Amino acid sequence: MATTKDAKPKELKVTDKRIFTPEGDIREEFRSDIKPADPTAAKPAERPAEKTERPQQERREKNAGPPPGDAERRRTMAERAESPGTPFADFVQQLIAQAYMFLGMLRSPHAPKPTIDVAAARDMIEILNMLKEKTAGNLTPDEEDFLTTHLGELKLAFVQRTKTI
């Protein structure tokens, strides 16, 4: 037995409850509820993070000049591979360590002996290479030397390890 329903469908009413118009003005129905804020009261206080960013900007500006001569930048391989201790270098250092672990040159803390994962090592080297390309011109000389040195070492180790497999 089929029941008959009203032939007329129920109407659906849509109400726009947004406060602002597409142009960014306050809608008429909300003008009495919302008062514009005092622009001087909305000025945010300086955060401690902003204070630490200024010295980094000054260092970048100081390093933005002409590249130092060969005599200034001539350093040993060990000095170039040493981490400069910047947040970027600390981040990259973790990726480098993972790449060395995937090549079996470092033992993972979760495995009793080093294992080689060629695909993961290749991916990590490609990520580091991409970081080098994308940050070109924005790194300090120490950061650039650190990344370039370890990337070269990883590429060499990758070729040596894949030849033996």
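Residue positions are given per chain, counted from 1 along the sequence in the order it is written. Restriction of local features to residues with pLDDT of at least 70 applies here, the model being predicted, together with a cutoff of 80 or more for giving and counting side-chain atom pairs; totals for whole chains, interfaces and linings are based on all residues. Heavy atoms throughout the structure, all of them, feed into the side-chain values; hydrogens and water do not.

S.K.: Account for the overall build of the protein chain, naming residues and giving values.
M.R.: A run of H or I in DSSP becomes a helix once it reaches four residues, and a run of E becomes a strand once it reaches two; helices and strands are each numbered from the N terminus. Across its full length, the protein chain carries six helices and zero strands. Ordered by position from N to C terminus, the α and β elements of the protein chain give α-α-α-α-α-α. The proportion of buried residues among the 165 residues of the protein chain is 19%. In the protein chain, the proportion of contacts linking residues at least 24 apart, taken out of those at least 6 apart, comes to 58%. Here the protein chain displays about 13,500 Å² of accessible surface, and carbon together with sulfur accounts for 54% of that area. The cut-offs for exposure are 20% and 50% of the maximum accessible area for each residue type, with area from a 1.4 Å probe on protein chains only; residues under the lower value are buried, those over the upper are exposed, and the others partly exposed. Here a residue-residue contact requires only that any non-hydrogen atoms of the pair lie within 4.5 Å. For accessible areas, the Shrake-Rupley method is used with a probe of radius 1.4 Å. Any residue's cover is judged against the shown protein chains and nothing else.

S.K.: Break down the packing of helix α4 (residues 87–102) against helix α5 (residues 118–134) for me, citing the residues and quoting the values.
M.R.: Under this scheme, a helix contributes an axis fitted over its contacting stretch, all axes are lines through C-alpha atoms, and angles between N-to-C directions fall in the 0 to 180 degree range. Interaxial distance between α4 and α5 falls to 8 Å at its minimum, and their mutual angle equals 155 degrees. One element, α4, and the other, α5, form an angle in the roughly antiparallel class. Seen along the crossing, α4 lies across α5 with a hand that is left-handed. In contact with Phe91, Val92, Leu95, Ile96, Gln98, Ala99 and Phe102 of α4, α5 contributes Ala120, Ala121, Met124, Ile127, Leu128 and Leu131. As a working rule, the residues Ala, Val, Leu, Ile, Met, Phe, Trp, Tyr, Cys and Pro are called nonpolar, Asp, Glu, Lys and Arg charged, and the rest polar, with Gly in that last group. Partitioned by chemical class, the residues of the contact of α4 with α5 number 12 nonpolar, one polar and no charged. Orientation labels follow simple angle bins: below 35 degrees gives roughly parallel, above 145 gives roughly antiparallel, 65 to 115 gives roughly perpendicular, and whatever is left gives oblique. Left-handed describes a crossing whose near helix is turned anticlockwise from the far helix through less than a right angle; right-handed describes the clockwise counterpart.

S.K.: Lay out the side chain of glutamate 143 in plain terms, naming residues and giving numbers.
M.R.: Within the element layout of this structure, glutamate 143 appears in helix α6 (residues 141–164). Every residue in contact with glutamate 143, bar those within four places of it in the chain, is listed here: Pro84, Thr86 and Phe88.

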